[in-house]
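Next come the chains, spelled out residue by residue.
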Amino acid sequence: MITLSPSSPLWELLGRPSGFGAPERTATHAQGTRVLFADGHWRLCATSGLWNANLGYGNRRIADAVGKALIDHSYLSLFRSAHTPAINAARALLGVCGEEHYAQVLFTTSGGSANDAAMKLARQYWALQRQFRRRVVVGLHGSYHGLTYGSHGLTGESLAQSYYSVDQRWIRHVGHQDAGQLTELLATEGESVAAIVVEPVLGTGAYPLSQQMVADLLRLRREHGFLLVADEVATGFGRTGPYFASQEWPESPDILLASKGLTNGTCAAAAVVVSAGVQSVFARADAQLVHAETQAGSPSTCAAIVTSIEEVQRLDALQNGKRVSAGLDSVLGSITNHPLVRSSGGTGCFRSIRLHTSDEVTPTAVVDSIRRAGALVSPGPGCVQLAPALVYGPDDLEELERALWDGLNRTAEESS
């Protein structure tokens, strides 16, 4: 047997071992809207990291707040206890989510674990009301909720769930373009549905839910009583315009999930934000939710949450994000004239370039070409995805447009 020595001591996430340690993919520094790689090249970041560094890299106020918390508090647990940094962070988060509707915050460490906690919470919510049949959780085809075991099952993309024996017995998926499949499902299984979990904009491909789909979700909630969960891991903190995309819905969800922009990508953090109606069921029963994570709501994480919220306000990031969105309208209006581009989609600072794909023209090939042209974008199903920081300026948008054109032209030349 031949044993191949690894090219890097690091197992890179979602990558193949043959590509580990590539200098053009090994970041060494990040500042503002750019990342320096081991090949010596700075590249414009048009992904906000993983859609989480909404305020750009190297925010000094957030870094200083995290450092101070590590000195003042080091580590404090939320297991059967509380601490003031977590209380302050929960209060600050409720302030931007809407205290007139939401009542409490449960901290976790990732979007995936937040989805896990939300599914457990929804099932227990119904069990506390002795509706034990309500165990089914419904997601949307094409959705992405994470890769922990629960969220992996809820994810509506085909991502090797059967290979890893992910349990999907109590999971269902329906189409996101209209409520037809959901209506059919509820007609037969409505009394078994605990919750429906939706991304206001599907993270894979940047497909916004239509106003009609949202209206139908809210109507069906009134008819069938399920909990509605808005997975705003990607859409939160101004990514689509408002603080949270569901704040533009006619009615609020029962549970809201936040992560990514929650700490500007600086800490492993997520939050399950629970409505007063849901919280009251647990309070009346004095019921314990069996979910906890060692690093959830640590003092340094909570300092990052509070300061990230303050920085969104200080930098007027929501308003600037609208200006960036208008700039993206212009950039994508130009790019759709390229022969490899079929159309563009998405909303706010959450966009996609949909491609005419072939064996030679794949999203990965186009992403690699754009990287060589000087910008970082991400692949999606049949598309290239863009999620620039809300603090982009006009020069950043011009540089992005040049890199997109150069990358698409390179792909066209190489495939001809």
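Residues numbered from 1 in each chain as written. Predicted model: local features only at pLDDT ≥ 70, side-chain atom pairs only at ≥ 80, totals over all residues. Heavy atoms only, no water.

Novice: Could you clarify how one ought to interpret the overall build of the chain in this entry?
Specialist: Each helix and strand counted, the chain has 12 helices and 17 strands in total. Computed over its C-alpha atoms, the radius of gyration of the chain comes to 22 Å, within 12% of the 22 Å expected for a compact globule of 416 residues. With respect to the three principal axes, the spread of C-alpha positions in the chain is 65 × 60 × 55 Å. Within the chain, the fraction of its 416 residues that count as buried is 52%. For the chain, contacts bridging at least 24 residues in sequence account for 70% of all contacts bridging at least 6. For the chain, the accessible surface area stands at approximately 19,200 Å², while carbon and sulfur atoms represent 52% of it. (Helix = DSSP H or I, 4+ residues; strand = E, 2+ residues; numbered from the N terminus. Rg over C-alpha atoms; globule rule 2.2 N^0.38 Å. Buried < 20%, exposed > 50% of the residue type's maximum accessible area, 1.4 Å probe, protein only. Contact = heavy atoms within 4.5 Å. Areas by Shrake-Rupley, 256 points an atom, 1.4 Å probe, with all protein chains shown as cover.)

Novice: I tried to follow the sheet that holds strand 7 (residues 193-198) on my own but got confused; where do I start?
Specialist: Hydrogen bonds along the backbone pair up the strands of a sheet, which may run parallel or antiparallel. The strand order across the open sheet formed by 7 strands is 4-12-11-10-7-5-6, and the pairing between neighbours is mixed. The two strands at the open ends of the sheet, each matched to only one other strand, are strand 4 (102-108) and strand 6 (171-174). On average, adjacent strands in this sheet sit at an angle of 20 degrees to one another, irrespective of strand direction. Pairing analysis gives 4 bridges linking strand 5 (residues 136-140) to strand 6, with the strands arranged parallel. Within strand 6, the residue paired with Leu140 across the bridge is Val174. Running over the sheet, helix 3 (residues 84-97) touches strand 4, strand 11 (255-258) and strand 12 (270-275) and is turned about 125 degrees from strand 4. Along the sheet face, helix 8 (residues 276-285) touches strand 4, strand 10 (227-231) and strand 12 and points at about 85 degrees away from the line of strand 12. (Pairing = 2+ DSSP bridges. Axes fitted to C-alpha atoms, helices over the stretch in contact; angles between N-to-C directions.)

Novice: Explain the sheet that holds strand 1 (residues 27-31) to me, please; I cannot follow it from the model alone.
Specialist: Spatial strand order, 1-2-3-15: 4 strands in an open sheet with mixed pairing. Each edge of the open sheet is held by one strand with a lone partner, namely strand 1 and strand 15 (375-376).

Novice: Can you help me understand the packing of aromatic side chains in this one?
Specialist: Two aromatic rings, taken as a pair, are described by how far apart their centres are and by the angle between their planes. One pass over the full model with this rule turns up 7 aromatic pairs. Ring geometry for Phe237 versus Tyr243: centroids 5.7 Å apart, planes at 75 degrees, classification edge-to-face. Both rings, one in Phe237 and one in Phe244, keep their centres 5.5 Å apart while their planes meet at 75 degrees; by these two values the pair is edge-to-face. Across the pair, exposure class does not vary: Phe237 and Phe244 are buried alike. Put simply, the rings of Phe237, Tyr243 and Phe244 pair up and form one aromatic cluster. One cation-aromatic arrangement involves Arg135 over Trp170; the distance from NZ or CZ to the ring centre is 3.8 Å. Against the face of Phe37 rests Arg371, its NZ or CZ located 5.2 Å from the ring centre. (Phe/Tyr/Trp six-rings, centres within 6.5 Å; stacked < 30°, edge-to-face > 60°. Lys NZ or Arg CZ within 6 Å of the ring centre and 35° of its normal.)

Novice: Explanation requested: a nonpolar patch on the surface in the structure shown.
Specialist: On the surface, a cluster of nonpolar side chains totalling about 480 Å² of accessible area is made up of Leu13, Leu14, Tyr144 and Leu147. Here Leu147 lies in the loop between strand 5 and helix 5 (149-154). (Patch = residues over 30% accessible without salt bridge, like charges linked within 9 Å, V, L, I, M, F, W, Y side chains within 5 Å. Salt bridge = Lys/Arg side-chain N within 4 Å of Asp/Glu carboxyl O.)

Novice: Looking at this structure, I do not really get the pattern of salt bridges. What am I missing?
Specialist: A side chain of one charge can pair with a side chain of the opposite charge when the charged atoms of the two come close. Applying the stated rule across the entire model yields 17 salt bridges. Across the salt bridge formed by Glu311 and Arg61, the nearest N and O atoms sit 4.0 Å from each other. Placement of the pair is Glu311 in helix 9 (residues 299-314) and Arg61 in helix 2 (residues 60-72), with a sequence separation of 250 residues. Using a relative accessible area of 2% as the deciding quantity, one classes Glu311 as buried. For Arg61, a relative accessible area of 46% puts it in the partly exposed group. Measuring nitrogen to oxygen at the nearest pair gives 3.3 Å for the salt bridge that ties Glu251 to Arg221. Here Glu251 is found in the loop between strand 10 and strand 11, whereas its partner Arg221 is found in helix 7 (residues 211-224), with 30 residues between them in sequence. One continuous salt-bridge network, built from bridges that share partners, spans Arg221, Arg222, Glu251 and Asp254.

Novice: Got a minute to help me understand the packing of helix 4 (residues 111-127) against helix 8 in this structure?
Specialist: Running from N to C, helix 4 and helix 8 point in directions that differ by 60 degrees, and their axes come no closer than 10 Å. Classified by the angle their axes make, helix 4 and helix 8 are oblique. Regarding helix 4 and helix 8, the two cross each other, and that crossing is left-handed. Counted together, Leu121, Gln124 and Tyr125 of helix 4 and Gly277, Val278, Val281 and Phe282 of helix 8 form the full contact between these two elements. Here the residues of the contact of helix 4 with helix 8 are counted per class, giving 5 nonpolar, 2 polar and no charged. (Parallel < 35°, antiparallel > 145°, perpendicular 65-115°, else oblique. Left-handed = near helix turned anticlockwise from the far one by under 90°. Nonpolar A, V, L, I, M, F, W, Y, C, P; charged D, E, K, R; others polar.)

Novice: Mind showing me how you'd approach the pairing of strand 13 (residues 341-347) here?
Specialist: Put simply, side chains in a regular strand alternate between the two faces of the sheet. Across 6 bridges, strand 13 lies against strand 14 (residues 350-355) in antiparallel orientation. Its bridge partner lying in strand 14, Ser343 is registered against Arg354. Where strand 13 folds back onto strand 14 in an antiparallel hairpin, the turn is made up of 2 residues, including Gly348, whose phi is positive at roughly 60 degrees.

Novice: Where do I start with helix 12 (residues 394-415) in this structure?
Specialist: Residues lying three or four places apart along an α-helix face the same way, a consequence of the helix completing one turn every 3.6 residues. Here helix 12 contains 22 residues, and its C-alpha end-to-end distance of 32 Å stays within 8% of the 32 Å for a straight helix at 1.5 Å per residue. When we look at burial in helix 12, the residues that qualify are Asp396, Leu397, Leu400, Ala403, Leu404, Gly407, Leu408 and Thr411. Angular distribution of buried residues about the axis of helix 12 spans 125 degrees; they occupy a single face of the element. In helix 12, those exposed residues whose orientation departs by more than 90 degrees from the buried face are Pro394, Asp395 and Glu413. (Expected span 1.5 Å × (residues − 1). Arc of directions from axis to C-beta.)

On their own, these measurements won't tell you what the molecule is for.
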